[in-house]
Every structure is written in C-alpha cells, then in structure tokens.
Amino acid sequence: MKLYNLPPGMNPRRVRIFLAEKGVELETVDIDMMKGENRTPEFLAMNPMGTLPVLELDDGTILSESIAISRYLEHLHPEPALFGATPLEQAQVEMWNRRMEYEIMAPITAVFRHGNPFWEGRITQVPDFADVARAQASERMLWLDRHLADREFIATDTYTVADITAQCALLLGRNTGTPIPDEAANLTRWWKGVTARPSARA
Ligand SMILES: N[C@@H](CCC(=O)N[C@@H](CS)C(=O)NCC(=O)O)C(=O)O
C-alpha cells in the first residue's frame, strides 16, 4: 500500500494523524504541488480531482478522499476505534465529523482559498466570500466552544476522526488568518489537549 501525501496539506494531515494514532506506518510518496506534480497526466489518472491524499492498494486500486481512506484503514486496523466502537458512537462520530467538515473546515478553507495570495492565479478568488467566511468561521468556533464546555472530545468520550478533522481545520485557520477566538476558552483547552498528542506531529 502506498500513501500519496502533500506534506503541508490539511487533508493529507488528517490521514497521517489517523495512521499515527493507530501506530501504523505506510510507504509514503510526497507530492510537490509547487512543481505541479498533482496535475501530471499520471497523477490525474489516479485521481482526476488532482488532490491529496491518495491511497494506492497493492492490487492497484486507488482510493481518494481522506475519510474514505481512513475508513478503509480502520477496518484493517480496528484499534483504537477512531470511528466509534458501538453503533451509537459510530453515528455520533459521523454526525460530528460532518459538522466539523461543513461548519468548521469549510469556512476556514474558504478564507484561505478566497483571501490568500497563495491561490491567486490558481482559482477564481472572490474576496467578499472570504470576508463572509471569516465571520462564519469565528461564529462557528464559538458554537464549538460552547459544545466543548463539559466535554474532553468532540463526538464521544474518546479521541475520534471528528477531533482529527477539527484539529486539522483549526491548524489551517491558525496559519491563514482564522485563529481560535481569544474568548473560546473551552476550544483552546481542547486544542491544547489534541495538539499535545504525539500524533499531532505526524
Ligand atoms: N475532500 C478531499 C479534499 C482533498 C484536498 O482538497 N486536498 C488538498 C490538500 S489539503 C489538495 O490536494 N489540493 C491541491 C490542489 O487543489 O491543487 C479529502 O478529504 O481528501
């Protein structure tokens, strides 16, 4: 199995943290976006979206999408259960992971893509959209802060993919102009806890 990785990318980081939590190491191929390596005909034949991460199985089957890859790896390496251990937990993890993707990751990513010079000339940027998304990101971080008032983790009593998704989104936000608001004490406590895990450096 081979993991195609974009070292600075938020989504590849989700899979690297997932693997580190499982204690699993995979052969990894780093792709350099600055050199256009994710837009070559060979790469696009693997993933027409031109995005990372991509997992190539030993029989040549290709999986992309960080959650699809993580789900596959969860079946191969069930412990610790990062998608929930019981039917109820699995539903809770699904619910919170989707919320983290739509409510936290989406606006933070929109600020980065529509407001950062890195994307100039790569996509059509709409600066007004960045401003709207910046306000949404702050508002939703405060919502997540309230959710975490009496909880250690986002979805269940243990660390799950919902935490990984939020953690990777908030790292992008921290580096691209949508940091955790100062008043979000619960979210800051959670952030300190998840980023102190050894897997955070994966
Ligand atoms: N929904 C996909 C998103 C993948 C994605 O957008 N990856 C980014 C890195 S964080 C990428 O490869 N960007 C390269 C590009 O847009 O050219 C997933 O979860 O894997």
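Scoring rules and cut-offs
For every chain, the first residue of its written sequence is number 1, and the numbers climb from 1 along that sequence. Given that this is a predicted model, residues contribute local features only at a pLDDT of at least 70 and side-chain atom pairs are listed and counted only at 80 or more, while totals for whole chains, interfaces and linings are drawn from all residues. Labels follow the DSSP assignment, with helices taken as runs of H or I lasting at least four residues and strands as runs of E lasting at least two, numbered in each case from the N terminus. Two residues qualify as being in contact provided that their C-beta atoms, derived from the backbone, are within 7 Å of each other. Domain ranges listed in this record stem from an automatic or a database domain assignment. Orientation is described by lines fitted to C-alpha atoms, with helices fitted over the stretch in contact, and by angles between N-to-C directions that extend from 0 to 180 degrees. For classification purposes, an angle smaller than 35 degrees is called roughly parallel, one larger than 145 roughly antiparallel, one from 65 to 115 roughly perpendicular, and anything else oblique. Strand pairing requires that DSSP identify at least two bridges connecting the strands. As used here, a nonpolar core is made of buried Ala, Val, Leu, Ile, Met, Phe, Trp, Tyr and Cys residues. They are joined through C-beta atoms within 7 Å. Any residue with 12 or fewer other C-beta atoms within 10 Å of its own C-beta is exposed, any with 20 or more is buried, and the rest are partly exposed; the C-beta atoms used are placed from the backbone. An expected span of 1.5 Å times one less than the residue number is assigned to each helix. Note on bend: at a given residue it equals the angle between the axes fitted to the 7 residues ending there and to the 7 starting there.

Points about the environment of Asp30
Phase 1: Checked against the element boundaries, Asp30 lands in strand E2 (residues 27-30).
Phase 2: In this structure Asp30 touches Asn5 and Pro7, once residues within four positions along its chain are discounted.

Here we look at the domain arrangement of the protein chain
Phase 1: You can read the domains of the protein chain as domain 1 (2-76) and domain 2 (87-201).
Phase 2: Computed from C-alpha coordinates alone, the two centres of domain 1 and domain 2 are separated by 21 Å.
Phase 3: If you look at the interface, domain 1 gives eight residues, while domain 2 gives nine residues.
Phase 4: For the side of domain 1 that touches domain 2, the leading source of residues is helix H1 (residues 10-22), giving seven residues.

Considerations on the packing of helix H4 (residues 87-115) against helix H6 (residues 161-175)
Phase 1: Contact geometry of H4 with H6 gives a least axis separation of 8 Å together with a crossing angle of 10°. Relative to H6, the element H4 is oriented roughly parallel. Contacts between H4 and H6 involve Val93, Trp96, Asn97, Met100, Glu101, Ile104, Met105, Ile108, Thr109 and Phe112 on the former and, on the latter, Val161, Ala162, Thr165, Ala166, Ala169, Leu172 and Gly173.

Observations concerning the sheet that holds strand E1 (residues 2-5)
Phase 1: The strand order across the open sheet built from four strands is E2-E1-E3-E4, with neighbouring strands paired in mixed fashion. Looking at the sheet topology across the chains shown, the edges are occupied by E2 and strand E4 (62-64). Neighbour-to-neighbour, the strand axes of the sheet open up by a mean angle of 25°, direction not taken into account.

Focus: the nonpolar core
Phase 1: Counting residues in each nonpolar core, the largest one holds 45 residues, and the members touching the most others are Phe18, Met100, Ile108, Ala162 and Ala169.
Phase 2: Of the domains in this structure, domain 1 (2-76) and domain 2 (87-201) are the two that each give at least three residues to this core.
Phase 3: Excluding residues within four positions of it along the chain, Ala169 makes contact with Met10, Met100, Ile104, Met105 and Ile108.

Some words on H4
Phase 1: An ideal rise of 1.5 Å per residue puts 42 Å on 29 residues; H4 measures up with 40 Å between its terminal C-alpha atoms.
Phase 2: Where H4 bends most, the angle comes to about 40°, and this point is Met105, followed within four residues by the proline Pro107.

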